[in-house]
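Notes for the structure review
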Amino acid sequence: MPTPLKVAVIGAGLSGLIAGRELERESHEVVVFEKSHRLGGVWVYDPRIESDLLGIDPDREIVHGTIYKSLRTNSPRQIMGFSDYMFEGKEYGDPRMFPGHQEFLSYLEDFAEKFGVTKLIKFNSEVTRVELLDSTNEFVVEWKTKGVSSSEVFDAVVVCNGHNSQPRAALDIPGITYSTINHALTSYGWTLTN
């Protein structure tokens, strides 16, 4: 059996939860860093809206909420689960074939609890830097928890922070300016329904 590694997983969304579980199954020492107070990543609904929907102002308050209140899954529950922990057959108050986001978030919370992933998570811990140490092939991971900076050395790092955590604006196209696309409305900024 290979020597167990000390592994940092950044993000406790769907990918981070799976990475954490599988790494622990292989007897690695795992720490999952999650910047918010709960797991679930994009499946966590937040009714707040950023003041700058295009993410251009570096001083804005960043709201990591990319779903809207009435969002439902676009895949049926029969194919949304994990092979050894099916979503089908589990109900948390929304039995529809294409349930709302809260139903899937409840499923992820159940999964994390059942497989012991919740205990691996450092909540409210935003990773601020990852650096490879050339001399040892290890990584220094720095994070902040409630304004207090900490760091630790890991053998490996798995980044699971998602590609939808920052809006992208195509401002490098001639004729396109912030004011011409500021009216763009996507699910990133549209959180409430009529």
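**A closer look at the sheet that holds strand β1 (residues 6-10)**
- Spatially, β3-β2-β1-β7 is the arrangement adopted by the four strands of the open sheet, whose pairing is parallel. Among the strands making up the open sheet, the edge pair consists of β3 (121-122) and β7 (156-159).
- Looking at chain direction, β1 and strand β2 (residues 29-33) are connected through five bridges and run parallel. Looking at β2, one finds that Val7 is bridged to Val30.
- Most of the contacts of helix α1 (residues 14-25) go to β1, to which it runs at about 170°, and overall it touches β1, β2, β3 and β7.

**Looking at unusual backbone geometry**
- Unusually for a residue other than glycine, Asn124 sits at a positive phi of about 55°.
- When you line up the elements, Asn124 lands in the loop between β3 and β4 (125-133).
- You will see that Lys146, though not glycine, has its phi angle at about 50°, which is positive.
- Under the relative-accessibility criterion, Lys146 is labelled exposed at 77%.

**Observations regarding the nonpolar core**
- Counting 26 residues, the largest nonpolar core has Leu17 and Leu108 as its most contacted members.
- Of all the secondary structure elements, the ones that give two or more residues to this core are β1, α1, β2 and α3 (101-114).
- When residues in this core are grouped by element, the largest group, six residues, is from α3.
- Apart from the residues lying within four places of it in its own chain, the contact partners of Leu17 are Ala12, Leu39, Leu108, Phe111, Ala112, Val117 and Ile121.
- Core analysis: the next-biggest nonpolar cluster, separate from the first, contains six residues, Val31, Phe33, Val141 and Phe154 among them.

**Considerations on the packing of α1 against α3**
- At a minimum axis separation of 11 Å, α1 and α3 run at an interaxial angle of 15°. Comparing the axis directions of α1 and α3 gives the class roughly parallel. Regarding α1 and α3, the two cross each other, and that crossing is left-handed. Contacts from Leu14, Leu17, Ile18 and Arg21 in α1 reach Phe104, Leu108, Phe111 and Ala112 in α3.

**Considering the sheet that holds β4**
- Pairing in this open sheet of three strands is antiparallel, and the strands run β4-β5-β6 from one edge to the other. Pairing within the sheet leaves two strands with one partner each, and these edge strands are β4 and β6 (148-154). Strand after strand, the sheet turns through a mean of 20° between neighbouring axes, direction not considered.
- Pairing geometry for strand β5 (residues 138-145) and β6, over seven bridges, is antiparallel. Its bridge partner being in β6, Phe139 is matched across the sheet by Phe154.

Here is what the cut-offs are and how they apply
- Residues numbered from 1 in each chain as written.
- Predicted model: local features only at pLDDT ≥ 70, side-chain atom pairs only at ≥ 80, totals over all residues.
- Heavy atoms only, no water.
- Pairing = 2+ DSSP bridges.
- Helix = DSSP H or I, 4+ residues; strand = E, 2+ residues; numbered from the N terminus.
- Contact = heavy atoms within 4.5 Å.
- Axes fitted to C-alpha atoms, helices over the stretch in contact; angles between N-to-C directions.
- Buried < 20%, exposed > 50% of the residue type's maximum accessible area, 1.4 Å probe, protein only.
- Core = buried A, V, L, I, M, F, W, Y, C linked by side-chain atoms within 4.5 Å.
- Parallel < 35°, antiparallel > 145°, perpendicular 65-115°, else oblique.
- Left-handed = near helix turned anticlockwise from the far one by under 90°.

None of the figures reported here should be taken as evidence of function without further support.
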